[in-house]
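# Structural overview
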There are 2 protein chains.
Amino acid sequence: MELVPLLKNSLLFSGLNDADLASLAAITVRRSFAKGETLFSEGDEATGFYLLVSGHLKLCRVSSDGREKVLHFVRPGETFAEAAFFGDGRYPAESRALEAGEALFLPRQGFMNLMEKNPQFALNLVVSLSLSLRRFARQIEELTFADVASRLASFLIKRASEQSTSYNGITYLELGIKKGELAAQLGTAGETVSRTFRKLKEEGIIELDGRKVTVLNMDRLQQLATRQA
Amino acid sequence: MELVPLLKNSLLFSGLNDADLASLAAITVRRSFAKGETLFSEGDEATGFYLLVSGHLKLCRVSSDGREKVLHFVRPGETFAEAAFFGDGRYPAESRALEAGEALFLPRQGFMNLMEKNPQFALNLVVSLSLSLRRFARQIEELTFADVASRLASFLIKRASEQSTSYNGITYLELGIKKGELAAQLGTAGETVSRTFRKLKEEGIIELDGRKVTVLNMDRLQQLATRQA
DNA sequence: CGTCTTATTGATGGACTTCAATCTAGGTGG
DNA sequence: CCACCTAGATTGAAGTCCATCAATAAGACG
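All of these numbers come straight from a predicted model, not from anything done at the bench.

The rules we used
- Residues numbered from 1 in each chain as written.
- Chains lettered and ligands numbered in written order.
- Predicted model: local features only at pLDDT ≥ 70, side-chain atom pairs only at ≥ 80, totals over all residues.
- Heavy atoms only, no water.
- Near = heavy atom within 4 Å.
- Polar contact = N/O pair within 3.5 Å; in protein donor to acceptor, adjacent residues only side chain to side chain.
- Helix = DSSP H or I, 4+ residues; strand = E, 2+ residues; numbered from the N terminus.
- Nonpolar A, V, L, I, M, F, W, Y, C, P; charged D, E, K, R; others polar.
- 1 Å grid on protein atoms, 1.4 Å probe; cavity = no way out; pocket = protein on both sides within 12 Å on 5 of 7 lines; lining within 4 Å.
- Points joined across faces, edges and corners; volume = space filled by probe spheres on them.
- Domains from an automatic or database assignment.
- Salt bridge = Lys/Arg side-chain N within 4 Å of Asp/Glu carboxyl O.
- Buried < 20%, exposed > 50% of the residue type's maximum accessible area, 1.4 Å probe, protein only.

This part is about the protein's contact with DNA strand D. Around DNA strand D sit 16 residues, and of these Ser194 of chain A together with Val148, Thr188, Thr192 and Arg195 of chain B come closest. Side-chain polar atom of Ser194 of chain A to a phosphate oxygen of DNA strand D: 2.6 Å apart, as the coordinates give it. Within the side chain of Glu191 of chain B, an N or O atom sits 3.3 Å from a base nitrogen of DNA strand D. Secondary structure elements with two or more residues in the surface near DNA strand D: helix H6 (179–186) and helix H7 (190–202) of chain A together with helix H7 (190–202) of chain B. For the surface near DNA strand D, the element with the most residues is H7 of chain A, which contributes four residues. Class assignment of the residues belonging to the surface near DNA strand D gives a composition of two nonpolar, five polar and nine charged.

What follows concerns the protein's contact with DNA strand C. The immediate surroundings of DNA strand C are formed by 16 residues, with Val148, Thr188 and Thr192 of chain A together with Lys178 and Ser194 of chain B found nearest. Counting only the atoms of DNA strand C within 4 Å of the protein, the fraction contributed by sugar and phosphate is 58%. Here a phosphate oxygen of DNA strand C sits 3.1 Å away from a polar atom, N or O, in the side chain of Arg198 of chain B. Those elements that place two or more of their residues in the surface near DNA strand C are H7 of chain A together with helix H6 (179–186) and H7 of chain B. The element contributing the most residues to the surface near DNA strand C is H7 of chain B, with four residues. Considering only residue class, the surface near DNA strand C consists of two nonpolar, five polar and nine charged.

The gaps of empty space that remain are located by a probe, the size of a water molecule, rolled over the atoms. Approximately 1,000 Å³ is the volume found for the largest pocket. If you trace the largest pocket, you find 34 residues lining it, with His72, Glu78, Arg135, Lys158 and Glu162 of chain B closest to the centre. Among the secondary structure elements, those contributing two or more residues to the lining of the largest pocket are strand E4 (68–74), helix H4 (119–145), helix H5 (148–162) and H6 of chain B. The biggest single contributor to the lining of the largest pocket is H4 of chain B, with eleven residues. Taken together, the residues of the lining of the largest pocket sort by class into eleven nonpolar, eleven polar and twelve charged. Domain assignment of the residues forming the lining of the largest pocket places at least three in each of domain 1 (3–117) and domain 2 (140–226) of chain B. Its volume calculated, the second largest pocket comes out at about 790 Å³. Residue lining of the second largest pocket: 31 residues in total, with Arg138, Ser154, Phe155, Lys158 and Gln185 of chain A positioned closest to the centre. Counting residues per element, the ones that place at least two in the lining of the second largest pocket are strand E4 (68–74), helix H4 (119–145), helix H5 (148–162), H6 and helix H8 (218–226) of chain A. Ranked by residues supplied to the lining of the second largest pocket, first place goes to H5 of chain A with eight residues.

Two side chains that carry opposite charge are able to pair once their charged atoms sit near each other. Inspection of the entire model under this criterion finds 26 salt bridges over all chains. Its salt-bridge partner being Arg67 of chain A, residue Asp65 of chain A comes within 3.6 Å of it at the nearest N-O pair. Classification of Arg67 of chain A as partly exposed rests on a relative accessible area of 37%. Of the charged contacts, one joins Lys158 of chain A and Glu162 of chain A as a salt bridge, the two residues approaching to 3.8 Å between their closest N and O atoms. Residue Lys158 of chain A and its partner Glu162 of chain A are located together in helix H5, separated by four residues, close to a single helical turn. Via salt bridges that share partners, Glu42 and Arg61 of chain A together with Glu141 of chain B belong to a single interconnected network.

Bringing empty space enclosed by the protein into the picture now. Evaluation of the coordinates by the stated rule reveals one cavity of 30 Å³ or more. Space inside the largest cavity adds up to approximately 250 Å³. Leu133 of chain A together with Leu59, Ala81, Ala83 and Phe136 of chain B are the residues nearest the centre of the largest cavity, which is lined by 20 residues in total. For the lining of the largest cavity, the secondary-structure elements that each account for two or more residues are H4 of chain A together with E4, strand E5 (79–80) and H4 of chain B. When residues in the lining of the largest cavity are grouped by element, the largest group, four residues, is from H4 of chain A. For the lining of the largest cavity, a count of residues per class yields 13 nonpolar, four polar and three charged.

By themselves, these are just geometric observations and shouldn't be taken as functional.
As structure tokens, then:
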């Protein structure tokens with residue numbers, strides 16, 4: 001597949017004309033990866049950032065005893081590690097593949113040159129960084145104030161807003177990730193996620209079958225999500 | 001005082017020549033504030049960002065029942081709320097003054113114009129956003145993995161690296177904020193901070209007198225900070 | 001010197017982690 | 001086709017950390 005249409009998929013490169021996209025394509029390096037592969041680790045020297053074309057990735061911080069907190073799941077069309085090479089030149093998190101796929105690598109120096117020539121590149125990057133910052137601020141708030149039930153409810157609602165089908169006020173959605181990964185994103189243990197799901201079932205708010213979730217009472221789920229422990 | 005030298009204080013505007021600074025000064029609005037004043041609240045429409053000249057501010061998220069988590073303390077020379085007006089146009093946190101002072105307001109539209117004309121503005125902003133992102137990633141990690149003792153130790157070490165005097169391996173530092181504010185930054189309750197300080201005293205790691213801290217055993221403090229509960 | 005805010009301390013309960021055992025589902029090879 | 005294997009998920013029991021409530025103590029300040 002041609003590069004330019006792939007680049008267009010990203011929010012980060014919207015609003016660019018064909019000439020800009022061509023100069024972007026000129027510095028782009030394609031990189032495919034296998035399931036389970038680590039693209040980069042926390043602390044690695046950051047020589048550029050990425051745009052995910054296909055597959056599924058997570059960005060996470062890993063504690064010294066091996067537990068991990070997922071900062072963000074990356075889906076095709078999203079850029080990631082944009083923050084990386086402007087601070088101290090090291091990646092602040094680890095990137096690991098949940099499903100095999102392909103990413104486009106945008107080298108630091110080349111992209112810097114583009115930004116100097118065309119402010120639109122920099123403006124888009126600023127927008128993208130702002131969005132990440134907002135997401136992180138929200139995560140910090142949730143970790144500080146909200147209990148696991150509330151965070152799980154928030155997750156389900158977000159997931160429903162991304163992809164779900166509704167019928168008669170009942171919403172069907174897929175988790176899209178293993179429950180262990182979900183736990184790592186919520187900042188808790190897998191066991192706790194199990195127990196919390198069970199509580200939601202017992203209260204008649206959801207049904208659960210594997211990774212398939214049926215939301216029976218969206219109102220109460222919303223209440224849970226906003227109620228701050 | 002003249003505007004231009006004030007602007008120069010900020011990392012964000014380093015590397016700008018006099019002409020750039022002049023055009024920046026042209027769009028800058030001065031705003032002074034009293035102790036306890038709220039410059040903006042979470043969700044307010046964001047029409048620009050700020051550079052703190054004097055005084056002391058905190059940026060925080062407030063839960064529905066009034067508890068707050070301090071995301072960051074802002075000191076003179078720092079910019080804040082840069083993330084604000086590039087996302088959905090709302091401030092993602094609340095800004096409240098701990099000490100009276102003055103800030104420079106950089107309006108959105110004016111700054112956008114500058115960025116379009118001169119990429120250096122945008123590049124600096126990208127760097128600044130990246131640093132915030134890195135800080136947030138670290139906070140998320142700490143909230144997820146580290147207990148209060150570890151987070152407090154990290155805080156003391158950071159504080160020591162900013163401002164302290166050392167003699168014979170013993171380090172003297174000032175908290176610089178009330179313990180209640182410290183608790184809000186660590187994401188815990190004031191009572192827990194008290195108890196954790198006491199534990200550190202009982203173990204002979206620190207001495208405490210009001211806001212003055214004496215670190216007797218920096219090694220063990222480091223261990224506490226890195227050990228991920 | 002009283003008043004108001006901030007800090008400390010004790011007691012209690014709840015939420016979550018951890019360890020360990022069991023259960024389930026999906027994939028593989030005999 | 002089915003038994004087996006393994007990774008993931010669930011459940012139970014025990015213990016830890018922390019929040020909360022309530023009461024006291026200590027500073028700050030007019």
